[in-house]
Amino acid sequence: MRGQTFFAALALIAAALAGCNSGAEQAAPPPPEVTVAQPLVGEVMDWDEFPGRFEAPQTVDVRARVGGYIQAVHFRDGDYVRQGQLLFTLDPRQAQAAVAAAQAQVAQAQAQVNLAQGEAERAETLFGEGFLSQSAVDQRQANLETAQAAVVAANAALRQARLDVEFTRVTAPISGRVSDRRADAGNLVAGGSSAADVLTTIVSTSPIHFTFDASESILLRYQRSARNGRAPLRVRLQDEAGFEHTGYLDFTDNAVDGASGVVRLRGVIQNPSGFLRPGMYGQAQLAGTAPYQAMLVPDTAVVTDQARRIVYVVNAEGQTEARPVELGPLVDGLRVVRSGLQAEDRVIIAGLQRIQQPGQPVTPTNGRIERQAGQAGAQVVATPAPASSATFAVGG
């Protein structure tokens, strides 16, 4: 009786275990869902990145060309001024008095010319009649030439005096952004030399320069490439996500610094609004290659496997495959794939964390990869879309 009870208990346990196994088989999880898209194919350029600062193409210290008392200030601190715009007025009365004195000197010298002219003419007449010697005639002629020279000198002094009156109006030598005034009305300032008082400064801002240092290897690569035209340049500010300010490289210094091994480069950026200011910090990208066709994938689709870089693709059977790839630089937030992928491959762009090993079955959802020119972050759209319709969001 006890034996029958024991075997009946074993049968019940076996039946319970069989039921558990059957339930476990029924509860097996489905293949994980992932989003796939074909690599984005389009024209790209490699960009070298450098930190640098904006600089004014022209910087001028405004000084008076004559000394005197400041009579009036005709600008507001920080204004944008045009070349020739009146900035300061000095008291012109002293210079005007000098003009009047110079005019009197001209009149006096002209009177001396008239007198010397008459004496020279009479001397010629007397010499012809035999009443005057040749030396006396020569003396009268020399007096006339001396008087004429005095007229020339007096006229030069008059022009200088008139210039001094003009110089009492201090105007902007260039167009640009003016600093604050360094002297107010009523102050006596020195002028006429490089040691004269600085009244204000002006910096030109449109266009504006962007300067940065590059290594000797970068310089050699640019020289050997011998690309036609000016290399494109784009810059972003500290608070900007994309490289919104575009221009071109216009200057390379004539020597490499022997101590640091770098060379100074300069680009030109258009700045019609004047938003960019000299001294601002920026991050620049300089075109390192000519445009070429390339495949791009999100940087998040790339996995590190020891020393290799791989991306996962989904084959026709719905299984994952690991593809070793050779990578290029980031372009508009997307990673250039130089080799290892085909244009028709379906690359996993979302759900990659659900992949445990190659050959794992998955449930793919078609998505697309978008590129936005000048943006720093990858643009990945994981909403359903035909995988074959992967295109640029902004022209490639």
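Relevant structure appears above.
Residues numbered from 1 in each chain as written. Predicted model: local features only at pLDDT ≥ 70, side-chain atom pairs only at ≥ 80, totals over all residues. Heavy atoms only, no water.

For the protein, the count of helices and strands is four helices and 26 strands. Looking at the protein as a whole, 36% of its 396 residues are labelled buried. In the protein, 74% of the contacts between residues at least 6 apart in sequence involve partners at least 24 apart. (Helix = DSSP H or I, 4+ residues; strand = E, 2+ residues; numbered from the N terminus. Buried < 20%, exposed > 50% of the residue type's maximum accessible area, 1.4 Å probe, protein only. Contact = heavy atoms within 4.5 Å.)

Here we come to helix α3 (residues 134-167). For α3, spanning 34 residues, the distance from its first C-alpha to its last is 50 Å, which sits close to the expected 50 Å at 1.5 Å a residue. When α3 is considered as a whole, its buried residues turn out to be A136, V137, L144, A147, V151, A154, L158, A161 and F167. Summarising the contacts, the buried residues of α3 are in contact with α2 (93-128) and β8 (169-171). (Expected span 1.5 Å × (residues − 1).)

Turning our attention to the side chain of N271. By the secondary structure assignment, N271 is in the loop between β15 (262-269) and β16 (281-287). Within the structure, the side chain of N271 is placed 3.2 Å from the backbone nitrogen of F275, a separation counted as a polar contact. A distance of 2.9 Å separates a polar atom in the side chain of N271 from the backbone oxygen of L276. Sequence-distant contacts of N271, defined by excluding residues within four places in its chain, comprise T205, S206, P207, I208 and L276. (Polar contact = N/O pair within 3.5 Å; in protein donor to acceptor, adjacent residues only side chain to side chain.)

All right, on to α2 then. In this model, α2 (36 residues) spans 53 Å end to end at C-alpha, consistent with the 52 Å of a helix rising 1.5 Å per residue. Residues of α2 that are buried: A95, V99, A102, V106, A109, V113, A116, G118, A120 and A123. Buried residues in α2 make contact with α3. Backbone geometry just after α2 places G130 at a positive phi near 85°.

In this structure the tally under the stated criterion is 14 salt bridges. Here R93 ties to D91 by a salt bridge, and the two come within 2.8 Å at their closest N and O atoms. Residues D180 and R182 are paired through a salt bridge, measuring 3.4 Å at the closest nitrogen-oxygen approach. On the basis of relative accessible area, D180 is assigned to the partly exposed category, the value being 36%. (Salt bridge = Lys/Arg side-chain N within 4 Å of Asp/Glu carboxyl O.)

Let us look at the packing of aromatic side chains. Throughout the structure, instances matching the rule amount to four aromatic pairs. Plain terms: the ring middles of F50 and F212 are 4.9 Å apart, the flat faces sit at 25° to each other, and that makes the pair stacked. Of the two residues, F50 sits in strand β3 (residues 47-55) while F212 sits in strand β12 (residues 208-215), which places them 162 residues apart along the sequence. Considered together, F50 and F212 belong to a single accessibility category, that of buried residues. Ring geometry for F54 and F210: centres 4.9 Å apart, planes at 70°, overall edge-to-face. Of the two residues, F54 is situated in strand β3 and F210 in strand β12; the sequence distance between them amounts to 156 residues. (Phe/Tyr/Trp six-rings, centres within 6.5 Å; stacked < 30°, edge-to-face > 60°.)

Take the environment of V60 next. Considering the arrangement of structural elements, one finds V60 in strand β4 (residues 59-63). Here V60 falls in the partly exposed class, since its relative accessible area comes to 21%. For the pair V60 and V203, spaced 143 residues apart in sequence, the C-alpha to C-alpha distance is 6.5 Å. V60 has contacts with P173, I174, T200, T201 and I202, leaving out every residue within four places of it along the chain.

On to the sheet that holds strand β10 (residues 188-189). If you walk across this open sheet you meet the four strands as β8-β7-β5-β10, and the pairing is antiparallel. The sheet is open, and its two borders are formed by β8 and β10, each paired with just one other strand. Where strand β7 (residues 86-90) meets β8, three bridges bridge the pair, whose relative direction is antiparallel. Counted as the bridge partner of L86 is T171 from β8. (Pairing = 2+ DSSP bridges.)

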